[in-house]
Amino acid sequence: MTELSGHLHQQGRPAAEVLSELREKRTHDARWQDGRTFGLVYDGGAEVHAVAEKAAMMYLHENALNPRAFPSLGSIQSEVCQWTAELFHGPDTSAGFLTSGGTESLLCAVKAARERGKAERGITKPQMIVPESAHAAFHKGAHYFGLELVKTPVRTDWTANVEAMADAMTPNTVLMVGSAPQYPQGVIDDIPAIAALASEIGASCHVDACIGGFVLPFVELVGRDVTPWDFQIEGVTSISADIHKLGYSPKGASVILHRTKQLRSYQTFVFDDWLGGFYASPNMQGTRSGLPMAAAWAVIQYLGVDGYIDLTTQMLGAADKMRAAISATEGIRVLGDADYHIIATSSDPEAKHPIDVFALGNALGELGWHFDRQGPPDSLHATVSAGNAAAVDQFIADLGQSAEQVGASRVEDRSTSYATLE
Ligand SMILES: *Cc1c(COP(=O)(O)O)cnc(C)c1O
């Protein structure tokens, strides 16, 4: 028998030892449990965890590749899509699928727009128009699926410059993108205008509500103004929304909805020409874990509209307090006038002593607060969720102390860090 190089043990290790090493490995991970992480993990609280974890255990091994073998997963998917369509004022014709996350939902939207352009308009050199504020995954989609991506600027309020989008349109335009809200500054694009442009030429209009889909409907229900962004707008053909963000379910769950089943059909892959049998697949995956689907279903059921209103109220309270504290701190400011869950903090060029926000981020990092750096312009990104509410007063105290400590100092390293390879 040949021996392997020795990195993998020949003999298995006792379960307790393995699990204890895993626990050890997590020591330096972001401390989201303390409400000190503004992004990456969105914490709905102990009771939500308990429901999610029980559902997850129940579906740890199930495979949604074949919903005929696991009809429960088929109904989980269609119920979650139906609830989400209702939240987004979808017509009765709307139809969708669950995916593993926002990126996969956006990939599906790009692929569907390309197929639709080919089928309905004979377009073989598809082009898509994407504001520079739209998520990087649209660029990934263009890269994967061979579309030309034209990137358009934002206005001074950080929303998409719709005139620039109109100027970029060609007979090959298959997709126009708007975000509700966009991730960097948290503002909602002028979706009615973008959708009108798209429908003029029979192109698709995707609204990326990955980070807003489980926020905006509830923000509206608690009485705050929300500019129209969803299927109420006629030209919107698809919407993505991540349950694993402010839907408060564990990672691996997002919804992609299309206005009609016909539009949804451009997303799917159906194949029957190999030795293994009929293969139909709704998204990018093959084997598909039932875990995140069941956990998302359970969390949504457990919370109900009232539960989401409660979490949204906690989130808004925390976000408003943070925004006020940042605005009141000499040397820094909030970019744009979003008043939901996203806060971008940058240096205030008009201040007498502008603060380097990357230095500030490092100082806050020393105290256990995790912000992603983003830019341009150099800024600290916070997506605030209910899980941050209990820590917000401590944050405000630490912000004041850190700002003082940083003073006029600047850090060399200007790299940003939304996502990394290793
Ligand atoms: C998070 C996010 C995405 C990507 O979602 P993942 O779940 O990280 O793949 C896309 N668009 C927006 C606006 C987002 O905030």
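Predicted model, so just to flag it, every value in this text is computed and none were measured.

Considerations on the overall build of the protein chain
Tallying secondary structure elements over the protein chain gives twelve helices and 13 strands in all. Expected size for 422 residues packed as a compact globule is a radius of gyration near 22 Å; at 23 Å, the protein chain falls within 12% of this value. Here the C-alpha coordinates of the protein chain stretch approximately 65 × 65 × 50 Å along the principal axes. Counting only residues that meet the buried cut, the protein chain has 51% of its 422 residues in that class. At a minimum sequence separation of 6, the contacts of the protein chain that also span at least 24 residues come to 70%. Summing over all exposed atoms, the protein chain offers an accessible surface of approximately 20,100 Å²; the carbon and sulfur share of this is 54%. Side-chain charges of the protein chain comprise 31 positive and 50 negative groups, with the mean position of each set lying 4 Å from the other.

Considering the side chain of N63
Here N63 is to be found in the loop between α2 (46-58) and α3 (71-87). Of the polar contacts made by the side chain of N63, one reaches the backbone nitrogen of L65; its length is 2.8 Å. When near neighbours in sequence (up to four residues on either side) are disregarded, N63 contacts F70, L73, T287 and R288.

Looking at the pairing of strand β7 (residues 254-258)
Counting buried positions over the five residues of β7 gives five, a clear majority of the element. Along β7, one buried face is formed by S254, I256 and H258 and the opposite face, lined by V255 and L257, is buried too. By the bridge criterion, five bridges tie strand β6 (residues 238-242) to β7 in an arrangement that is antiparallel. Counterpart to S238 in the pairing with β7 is H258.

Topic: the site of the ligand
In the vicinity of the ligand lie 13 residues, with G102, T103, D208, H244 and K245 positioned nearest. Within the side chain of T103, a nitrogen or oxygen atom sits 2.5 Å from an oxygen atom of the ligand. Surface burial for the ligand is 88%, taken as the share of its 380 Å² of free accessible area covered by protein chains. Looking at which element gives the most residues to the shell around the ligand, the answer is helix α4 (residues 102-121), with three residues. The residue inventory of the shell around the ligand, partitioned by class, reads five nonpolar, five polar and three charged.

Some words on the domain arrangement of the protein chain
Segmentation of the protein chain into domains returns domain 1 (52-302) and domain 2 (304-406). The gap between the C-alpha centroids of domain 1 and domain 2 is 28 Å. Each partner contributes residues to the interface: domain 1 has 28 residues there, and domain 2 has 28 residues. Surface buried jointly by domain 1 and domain 2 totals about 2,200 Å² across both partners, of which 66% is contributed by carbon and sulfur atoms. Where domain 1 meets domain 2, there are one salt bridge. Among the salt bridges present, the one from D320 reaches R224, with a minimum N-O distance of 2.7 Å. Remark: the boundary between domain 1 and domain 2 carries nine residue pairs in polar contact (both at pLDDT 80 or more). Of all elements in the fold, only α8 (216-221) and α10 (291-328) reach the threshold of two or more residues within the side of domain 1 that touches domain 2. The residue makeup of the side of domain 1 that touches domain 2, split by class, is 19 nonpolar, seven polar and two charged.

What to know about the pairing of strand β13 (residues 379-383)
Among the five residues of β13, five are classified as buried, and the element is accordingly described as predominantly covered. On β13, burial covers both faces: S379, H381 and T383 on one face and L380 and A382 on the other are all buried. Note: strand β11 (residues 342-347) against β13, five bridges, orientation antiparallel. Within the sheet, the bridge partner assigned to S346 lies in β13 and is S379.

Remarks on the packing of aromatic side chains
The final tally for this structure, using the stated rule, is 13 aromatic pairs. Aromatic side chains F218 and Y308 sit 5.0 Å apart centroid to centroid with 15° between the ring planes, which places their arrangement in the stacked category. Here F218, found in helix α8, pairs with Y308, found in helix α10; they are 90 residues apart in sequence, far enough to count as distant. Taking the centre distance of 5.8 Å and the plane angle of 20° together, the rings of F269 and F271 count as stacked. In this structure F269 comes out as partly exposed when scored by relative accessible area, which is 42%. For F271, a relative accessible area of 31% corresponds to the partly exposed category.

Thoughts on the side chain of H135
In this structure, H135 sits in the loop between β2 (127-131) and α5 (136-145). Owing to a relative accessible area of 18%, H135 belongs among the buried residues under this scheme. At 2.9 Å, the side chain of H135 forms a polar contact with the backbone nitrogen of A137. Looking at H135, its side chain comes within polar contact range of the side chain of Y418, at 2.7 Å. When near neighbours in sequence (up to four residues on either side) are disregarded, H135 contacts T103, L106, D208 and Y418.

Scoring rules and cut-offs
- Residues numbered from 1 in each chain as written.
- Predicted model: local features only at pLDDT ≥ 70, side-chain atom pairs only at ≥ 80, totals over all residues.
- Heavy atoms only, no water.
- Helix = DSSP H or I, 4+ residues; strand = E, 2+ residues; numbered from the N terminus.
- Rg over C-alpha atoms; globule rule 2.2 N^0.38 Å.
- Buried < 20%, exposed > 50% of the residue type's maximum accessible area, 1.4 Å probe, protein only.
- Contact = heavy atoms within 4.5 Å.
- Areas by Shrake-Rupley, 256 points an atom, 1.4 Å probe, with all protein chains shown as cover.
- Lys, Arg positive; Asp, Glu negative; His and termini not counted.
- Charge placed at Lys NZ, Arg CZ, Asp CG, Glu CD.
- Polar contact = N/O pair within 3.5 Å; in protein donor to acceptor, adjacent residues only side chain to side chain.
- Pairing = 2+ DSSP bridges.
- Near = heavy atom within 4 Å.
- Nonpolar A, V, L, I, M, F, W, Y, C, P; charged D, E, K, R; others polar.
- Domains from an automatic or database assignment.
- Buried area = accessible area lost by both parts, 1.4 Å probe.
- Salt bridge = Lys/Arg side-chain N within 4 Å of Asp/Glu carboxyl O.
- Phe/Tyr/Trp six-rings, centres within 6.5 Å; stacked < 30°, edge-to-face > 60°.

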